[in-house]
Amino acid sequence: MTLKEKRIVASGLGCLNGLLTPLVFMVMWNWFIVKIGAPQINYWLSFGIILAADLIIMMPSQINDKVLNDDVEYRYKLNILSTVSIITTMILALIVHLFVG
């Protein structure tokens, strides 16, 4: 795979991860946290919570030098790992939900 193709795939997966993360968070919140008395949330509230958490967690001093240098190989591998992690989390949450439900 060429560097240009990796850059395109990394960007696409980054966008997909940005849309999938709030969806998975919302579903897991509504499956598990609502059971202990919290209100249900929708996709956009979930998106806002994720953005707020990212703002708190991601400090400029913690930004990796490889990201600043636009290391395509690093972003490619990181985005693939992130996508697999998000999908795995959703599958495990579904399994737990089926047993708890």
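Residues numbered from 1 in each chain as written. Predicted model: local features only at pLDDT ≥ 70, side-chain atom pairs only at ≥ 80, totals over all residues. Heavy atoms only, no water.

## Points about helix α1 (residues 3-33)
Here is step 1 of the chain: Taking 1.5 Å as the rise per residue, α1 with 31 residues should run 45 Å; its terminal C-alpha atoms sit 42 Å apart, in good agreement.
Here is step 2 of the chain: Here α1 has its buried residues at Lys 6, Ala 10, Leu 13, Asn 17, Pro 22, Val 24, Met 26, Val 27, Asn 30 and Trp 31.
Here is step 3 of the chain: Elements that come into contact with the buried residues of α1 comprise α2 (43-57) and α4 (72-100). (Helix = DSSP H or I, 4+ residues; strand = E, 2+ residues; numbered from the N terminus. Expected span 1.5 Å × (residues − 1). Buried < 20%, exposed > 50% of the residue type's maximum accessible area, 1.4 Å probe, protein only. Contact = heavy atoms within 4.5 Å.)

## Remarks on the pattern of salt bridges
Here is step 1 of the chain: Tallied over the entire structure, the rule returns two salt bridges.
Here is step 2 of the chain: One salt bridge in this structure joins Glu 73 and Lys 6, with 2.5 Å as the shortest N-O distance. You can see Glu 73 sitting in helix α4 and its partner Lys 6 sitting in helix α1, a full 67 residues away along the chain.
Here is step 3 of the chain: Given the relative accessible area of 27%, Glu 73 is considered partly exposed.
Here is step 4 of the chain: Close ionic contact of Glu 73 with Lys 77 constitutes a salt bridge, the shortest N to O distance being 3.8 Å. Residue Glu 73 and its partner Lys 77 are located together in helix α4, separated by four residues, close to a single helical turn.
Here is step 5 of the chain: Through salt bridges with shared partners, a single network forms among Lys 6, Glu 73 and Lys 77. (Salt bridge = Lys/Arg side-chain N within 4 Å of Asp/Glu carboxyl O.)

## Details of the environment of Leu 94
Here is step 1 of the chain: Positionally, Leu 94 belongs in helix α4.
Here is step 2 of the chain: When the C-alpha positions of Leu 94 and Val 27 are compared, they lie 9.3 Å apart, and in sequence the two are 67 residues distant.

## Things to note about a nonpolar patch on the surface
Here is step 1 of the chain: On the surface, Ile 87, Ile 91, Leu 92, Ile 95, Val 96, Phe 99 and Val 100 cluster together to form a nonpolar patch covering roughly 690 Å² of accessible area.
Here is step 2 of the chain: Relative to the helices and strands, Ile 87 resides in helix α4. (Patch = residues over 30% accessible without salt bridge, like charges linked within 9 Å, V, L, I, M, F, W, Y side chains within 5 Å. Areas by Shrake-Rupley, 256 points an atom, 1.4 Å probe, with all protein chains shown as cover.)

## Re the confidence of the model for the chain
Here is step 1 of the chain: When pLDDT is averaged along the chain, the result is 87; 87% of the residues meet or exceed 70.
Here is step 2 of the chain: Mean pLDDT per element in the chain: helix α3 (residues 65-68) is the minimum at 54, and α1 is the maximum at 93. (pLDDT = per-residue confidence, 0-100.)

## Description of the packing of α1 against α2
Two measures define how a pair of helices packs: the angle their axes make with one another and the distance between the axes.
Here is step 1 of the chain: The geometry of α1 relative to α2 is characterised by a closest axis approach of 8 Å and an angle of 110° between their N-to-C directions. Classified by the interaxial angle, the pair formed by α1 and α2 is roughly perpendicular. Packed against α1, whose contacting residues are Gly 18, Leu 19, Thr 21, Pro 22, Leu 23, Phe 25 and Met 26, the element α2 presents Tyr 43, Ser 46, Phe 47, Ile 49 and Ile 50 at the interface.
Here is step 2 of the chain: Looking at the contact of α1 with α2 residue by residue, the class counts come to nine nonpolar, three polar and no charged. (Axes fitted to C-alpha atoms, helices over the stretch in contact; angles between N-to-C directions. Parallel < 35°, antiparallel > 145°, perpendicular 65-115°, else oblique. Nonpolar A, V, L, I, M, F, W, Y, C, P; charged D, E, K, R; others polar.)

## Structural notes on the packing of aromatic side chains
Here is step 1 of the chain: Under the definition given, this model contains five aromatic pairs.
Here is step 2 of the chain: Taking the centre distance of 6.2 Å and the plane angle of 80° together, the rings of Trp 31 and Phe 32 count as edge-to-face.
Here is step 3 of the chain: Among the aromatic residues, ring-to-ring pairing joins Tyr 43, Trp 44 and Phe 47 into one connected group. (Phe/Tyr/Trp six-rings, centres within 6.5 Å; stacked < 30°, edge-to-face > 60°.)

## Quick look at the side chain of Asn 30
Here is step 1 of the chain: Within the fold, Asn 30 resides in helix α1.
Here is step 2 of the chain: The residues contacting Asn 30, other than those within four sequence positions of it, are Gln 40 and Ile 41.

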